[in-house]
Amino acid sequence: MICPYCNKEMEQGVIENQSEIAWKAKRHLFGKAEFHKGSVVLSKHSFLKGSAVVAHLCRECEKVIIDYKDDKCDFNKEKSE
Ligand SMILES: [Zn+2]
């Protein structure tokens with residue numbers, strides 16, 4: 001992936017967590033993202049695997065990008081075929 005800020009190649013990696021990884025409009029200490037309006041689950045929680053998303057890093061711009069289109073960033077995505 002090319003960094004949209006500096007147009008250099010980004011490094012692909014992973015962000016891991018022990019519970020789900022989600023974007024929310026504001027901080028909530030309790031409750032899964034599904035209970036908060038407008039939230040986006042980037043990786044569902046798995047008791048065996050934790051959660052993980054593919055993330056791209058630009059060390060130059062100090063940015064991290066997660067492309068969550070079609071859940072493709074989620075390591076725990078359920079296989080639909
Ligand atoms: Zn950059």
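Below or above, wherever it landed, is the structure these notes cover. The model shown is predicted, which means the values in this text are computed figures rather than measured ones.

1. Describing the overall build of the protein
Reasoning step 1: The helix and strand tally for the protein stands at zero helices and five strands.
Reasoning step 2: Along the first, second and third principal axes, the C-alpha atoms of the protein reach 35 × 35 × 20 Å.
Reasoning step 3: When contacts within the protein are restricted to residue pairs at least 6 apart in sequence, those whose partners lie at least 24 apart make up 52%.
Reasoning step 4: Roughly 6500 Å² of accessible area belongs to the protein as shown, and the carbon and sulfur atoms make up 52% of that amount.
Reasoning step 5: A gap of 5 Å separates the mean positions of the 14 positive and 13 negative side-chain charges of the protein.

2. Considering the coordination of the zinc ion
Reasoning step 1: Protein coordination at the zinc ion comes from Cys3 (SG), Cys6 (SG), Cys58 (SG) and Cys61 (SG), with a distance range of 2.3 Å.
Reasoning step 2: The site at the zinc ion holds four donor atoms, and with the angles between them running 104 to 116°, its shape is tetrahedral.
Reasoning step 3: Each donor residue of the zinc ion belongs to the same chain, and together they define the spacing C-x2-C-x51-C-x2-C.
Reasoning step 4: The exposure class assigned to Cys6 is partly exposed, which follows from its relative accessible area of 24%.

What counts, and where the lines are drawn
Residues numbered from 1 in each chain as written. Predicted model: local features only at pLDDT ≥ 70, side-chain atom pairs only at ≥ 80, totals over all residues. Heavy atoms only, no water. Helix = DSSP H or I, 4+ residues; strand = E, 2+ residues; numbered from the N terminus. Contact = heavy atoms within 4.5 Å. Areas by Shrake-Rupley, 256 points an atom, 1.4 Å probe, with all protein chains shown as cover. Lys, Arg positive; Asp, Glu negative; His and termini not counted. Charge placed at Lys NZ, Arg CZ, Asp CG, Glu CD. Donors = N, O, S within 2.8 Å, 3.2 Å for Na, K, Ca; no water. Tetrahedral: all angles 85-135°; square planar, octahedral: opposite > 155°, others 65-115°. Buried < 20%, exposed > 50% of the residue type's maximum accessible area, 1.4 Å probe, protein only.

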